[in-house]
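# A look at the structure
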Amino acid sequence: MTAAGTVTVPAAARDLAELQLAKLRRQVVYLEERSPFYREKLASAGVGSGDLDSLEALARFPFTTKQEIRDAQVAAPPLGRHACVGLEDVVRLHASTGTTGAPSWVGVTARDAEVWTELTASSFRVQGIRRDDVVVHAAGLTLFVGGLPARDAIERIGATFVPIGTGASEKVLAAMQTLGRTVLHATPSYAVYLAEVARERGLDPRTLGVRKLTVGGEPGGGEPSTRARIEADWGAPVTEGLGNADVAPIIWGECEHQQGMHLTGAEWVHAELVDPETGEAVPWEEGAEAELVYTALERECCGLLRFRTRDRVRVLGLGCACGRPGPRIRCVGRTDDMLIVLGVNVFPSAIRDLVSELHPQTTGAMQVVLREPGPGVAPPLHVEVERADDVADEAALAARLEELVRGRLTVPVRVELVPPGSIPRSQMKTALVRLDAPEEER
Ligand SMILES: [Zn+2]
């Protein structure tokens, strides 16, 4: 176990690869022995633990999709045919909801919980959380994997965890007023929303003592305008983390240089980039944009090999001023959220970032309104945008936004301005797309 507050120095790349390969072999042998789902899946793909002579050999193994995990759970409830242990060995159940479909259970053994604690603590350490920090947790606490595992990790570091959860903005503000210097852990949308709530109460968020914000759960924390706005609102820097409900709570973490996230969970999770259409490997090179695929290297209950996350990320570069090797990434969006307009791929989060750029004329809140499910959308894309209360010339603001989106994202949009507060706020992930089917209009 690492002493509280010490920084985990990443092993040299070669040592890391050797460690990953040794753990991967052990994990695949374990899955072949204990998981009916993987035993059959690997056999029918004609691969097995004996083929793992290098990490690259993993590319010959089949992917695992979220749908397969759902089906495996329906076939053998509650944990699923992919699980390697029974409920008697499980100390906690989390739920993974995903963006579509029914939630599935994620079982965690005592050993899994310990691995998750170290893995999640690694991200928080890289994000600069120290023993003397007081972390106000204003994110989901219950079934959400970013809840209790975040508590375990913050406590492992030795910092003070304040479990407020969501739906309690007044309590968060009161905590900040009495605790002095704090770190806010929340989704980026909630950080924006909470600053609005503070100002409505006559409080300047910059006076509340927040020394930094650690955000995650959705892409906004890495979008330049959204991040700039959160930092201006709170007068404190933002770093972000990224994980996956089925694989591990927080696998990536951004250091104080704020140049994208480092793979802080590499000792426990192997990450690959693949082309979301073809599944072909995409090299970790500056500018690469592809889907993240994870393999859990140490998992007792729910092992996952080459799990398709549907998270689309961009590699900002390799190496960092902090000395950490490897890629620095941003999450661009969910492959599921991607829309295609006139052949151009567009993520709603990218439009939101442009809407934030026109803050304070806009509140920053927006929703893409679809007549039928994407990804293909007939132009122009309909976008509802909240204007500020005191916008003098609405037509000019709408035209400016349409021009901005067309110029930066090469997508034609029709902006409809709506009054402040009319787009629902979420304290978890804010829905950036709304389906308004014509038959539902009354
Ligand atoms: Zn760094």
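Above this text is the structure in question.
What comes next is a walk through the structure. Computed from a predicted model, the values in this text were never measured in an experiment.

Judged by pairing direction, the sheet is mixed, and its three strands sit side by side in the order S15-S14-S17 without closing on themselves. Strand pairing shows two members of the sheet lacking a second neighbour, strand S15 (344–346) and strand S17 (376–377), which therefore form its edges. Examined bridge by bridge, strand S14 (residues 339–341) and S17 share two bridges and lie parallel to one another. Note on S17: the bridge partner recorded for Ile 340 is Gly 376.

Listed as protein donors to the zinc ion are Cys 255 (SG), His 262 (NE2), Cys 320 (SG) and Cys 322 (SG); their distances from the metal cover 2.1 to 2.3 Å. Of note is the zinc ion, whose four donor atoms meet at the metal with angles of 102 to 116° in an arrangement that counts as tetrahedral. Motif for the zinc ion, donor spacing along one chain: C-x6-H-x57-C-x1-C. Here Cys 255 and His 262 have matching classes, each one buried.

By the secondary structure assignment, Thr 187 is in the loop between strand S5 (182–186) and helix H7 (188–200). Judged by relative accessible area, Thr 187 falls into the buried class, the value being 4%. Between the alpha carbons of Thr 187 and Gln 361 there is a distance of 23 Å; along the sequence they are 174 residues apart.

Moving on, we come to the packing of helix H6 (residues 169–179) against H7. For the pair H6 and H7, the least separation of the axes is 10 Å and the interaxial angle reads 75°. The orientation of H6 relative to H7 falls into the category roughly perpendicular. Contact with H6, carried on its side by Ser 169, Val 172, Leu 173 and Met 176, involves Tyr 190, Tyr 193, Leu 194, Val 197 and Ala 198 of H7 and no other residues of that element. Taken together, the residues that form the contact of H6 with H7 break down as eight nonpolar, one polar and no charged.

Now for the pattern of salt bridges. Counted under the stated rule, the structure contains 30 salt bridges. With a closest N to O distance of 2.7 Å, Arg 81 and Glu 40 form a salt bridge. With Arg 81 in the loop between helix H3 (66–75) and strand S1 (90–96) and Glu 40 in helix H2 (residues 36–45), this residue pair connects regions lying 41 residues apart in the sequence. Its relative accessible area of 26% is what places Arg 81 among the partly exposed residues. Put simply, Glu 196, Arg 199, Arg 229 and Asp 233 are held in one network by salt bridges that share partners.

The next point concerns the packing of aromatic side chains. Counted under the stated rule, the structure contains three aromatic pairs. With centroids separated by 4.8 Å and ring planes inclined at 80°, the aromatic side chains of Phe 37 and Tyr 38 adopt a geometry described as edge-to-face. One exposure class covers both Phe 37 and Tyr 38, and it is buried. The ring of Phe 63 is capped by Arg 308, whose NZ or CZ atom sits 4.7 Å from the centre of that ring.

All right, on to the state of the cysteines then. The final tally for this structure, using the stated rule, is zero disulfides. Looking at Cys 84, it has no disulfide partner, and the nearest cysteine sulfur is the one in Cys 301, 7.3 Å off. No disulfide involves Cys 331; its sulfur sits 18 Å from the nearest other cysteine sulfur, which is in Cys 255. You can call Cys 331 buried: its relative accessible area is 13%.

Conventions used here
- Residues numbered from 1 in each chain as written.
- Predicted model: local features only at pLDDT ≥ 70, side-chain atom pairs only at ≥ 80, totals over all residues.
- Heavy atoms only, no water.
- Pairing = 2+ DSSP bridges.
- Helix = DSSP H or I, 4+ residues; strand = E, 2+ residues; numbered from the N terminus.
- Donors = N, O, S within 2.8 Å, 3.2 Å for Na, K, Ca; no water.
- Tetrahedral: all angles 85-135°; square planar, octahedral: opposite > 155°, others 65-115°.
- Buried < 20%, exposed > 50% of the residue type's maximum accessible area, 1.4 Å probe, protein only.
- Axes fitted to C-alpha atoms, helices over the stretch in contact; angles between N-to-C directions.
- Parallel < 35°, antiparallel > 145°, perpendicular 65-115°, else oblique.
- Contact = heavy atoms within 4.5 Å.
- Nonpolar A, V, L, I, M, F, W, Y, C, P; charged D, E, K, R; others polar.
- Salt bridge = Lys/Arg side-chain N within 4 Å of Asp/Glu carboxyl O.
- Phe/Tyr/Trp six-rings, centres within 6.5 Å; stacked < 30°, edge-to-face > 60°.
- Lys NZ or Arg CZ within 6 Å of the ring centre and 35° of its normal.
- Disulfide = S-S within 2.5 Å.

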